[in-house]
Amino acid sequence: MNNVATLIENTESMILGALELKDRHALLGNGRKRSFRKGEVIFSRGEEGAWALLIEEGMVEVSVISLNGRKSVLNHMEKGDILGEIALLDKQQRSADALALTPVSGTIVQRAAVFELLKNNNPACISIIETLCDRARNASEMFEIQSLTSGNARLARCLLRMAHKWGISQSDGSLFIEQNFSQSDIGELAGIARENVNRHLQAWVQDGLIQFNKGEITLLKPAEIQQLAEL
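Quick notes on the rules
Here the residue numbering is sequential within each chain, running from 1 through the sequence in written order. Where totals are concerned, whole chains, interfaces and linings use all residues; where local detail is concerned, this predicted model gives features only for residues with pLDDT of at least 70, and gives and counts side-chain atom pairs only at 80 or more. Heavy atoms from the whole structure form the basis of all side-chain values; hydrogens and water molecules are not counted. Exposed residues in this analysis have more than 50% of their type's maximum accessible area, buried residues have under 20%, and partly exposed residues fall in between, with area computed by a 1.4 Å probe over protein chains only. Each helix corresponds to a stretch of at least 4 residues labelled H or I by DSSP, and each strand to a stretch of at least 2 residues labelled E; elements are numbered beginning at the N terminus. A pair of strands is treated as paired once DSSP finds two or more bridges between them. Residues count as neighbours in contact if any of their non-hydrogen atoms are within 4.5 Å of one another. The salt bridge criterion pairs a side-chain nitrogen of Lys or Arg with a carboxyl oxygen of Asp or Glu, the two atoms within 4 Å.

> Please clarify how the pairing of strand β3 (residues 51-57) should be interpreted in this entry.
Of all seven residues in β3, six are buried; the element is thus mostly enclosed. Here β3 pairs with strand β8 (residues 104-110) via six bridges, running antiparallel. Bridging from a neighbouring strand, Glu57 pairs with Ser105 of β8. Here β3 runs beside strand β6 (residues 82-83); their pairing, made up of two bridges, is antiparallel. Following the sheet pairing, Leu53 is matched in β6 by Leu83.

The structure is reproduced here in structure tokens:
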């Protein structure tokens, strides 16, 4: 089985996940291949969202810029993820910026092709509605977390999310995060200032909770990081 076929079958995409396997293959088979250079803007907030991209290689940063000019990273998307699903479905403008952190390649699917498949597919439509509701609940929970928890807890939760997505379990029970992140990257993901990231990370290194070296992160004691996240 080739790489793209494996992605299509194992995708957690809201749109593709709602479709039968044959329809997934048909949709992607009629798509258009596209590549982006490292540092290239894939789309910007406010642009029309008439297409989505199945990422086959590379990593994409999704972020927003606040009115005071501060960037907040919403997500890092990689192989197997579909970028731009929401704007494709609701026919509204892009709600965030998408930047290629590495060379990125994938398949673009157009809104017209997606809606043609969904037009007479009630089970797929219901599945998408359920997923949208789930995401709305998650967004509400994330807003509550950002509003009510300390920077220390937000940072711990950020590290746990990173470990869930990119963590590799080690024989000693630690979790090595295979993607590198600078302190600025972590601050943007956690929603706290870089200097506070540095302060917390250094304290956790001294306490033996983590290792942090040139962007490489290992959670030495994941259970204790989990306890910090729940404070």
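> It is not clear to me how unusual backbone geometry should be interpreted in this structure. Could you clarify?
Peptide bonds are trans in most cases, and residues, glycine excluded, mostly fall at negative phi. Its identity is not glycine, yet Lys91 carries a phi of approximately 60°, on the positive side. Relative to the helices and strands, Lys91 resides in the loop between α4 (85-90) and β7 (97-100). Look at Lys214: it is not a glycine, yet its phi comes out positive at around 50°. Note on placement: Lys214 falls in the loop between β11 (210-213) and β12 (216-219). Overall, the relative accessible area of 77% leaves Lys214 in the exposed class.

> Explain the side chain of His200 here, please?
Tracing the chain through its elements places His200 in helix α9 (residues 194-206). Overall, His200 belongs to the buried group, its relative accessible area being 12%. Beyond its immediate sequence surroundings of up to four residues, His200 is in contact with Gly151, Asn152, Leu155 and Ile192.

> Mind showing me how you'd approach the pattern of salt bridges here?
Working definition: two side chains of opposite charge can pair if their charged atoms are close together. Counted according to the given criterion, the structure contains eight salt bridges. Note that Lys33 and Glu56 form a salt bridge whose closest N and O atoms lie 3.0 Å from each other. With a gap of 23 residues between them, Lys33 in strand β1 (residues 32-36) and Glu56 in strand β3 connect regions that are remote in the sequence. When its relative accessible area of 55% is taken as the criterion, Lys33 is described as exposed. Taking the relative accessible area as the measure of exposure, Glu56 reaches 8% and is therefore buried. One salt bridge in this structure joins Glu40 and Arg37, with 3.7 Å as the shortest N-O distance. On the basis of relative accessibility, which here comes to 60%, the residue Arg37 falls in the exposed class. If you follow the salt bridges from partner to partner, you end up with Arg34, Arg37 and Glu40 in one network.

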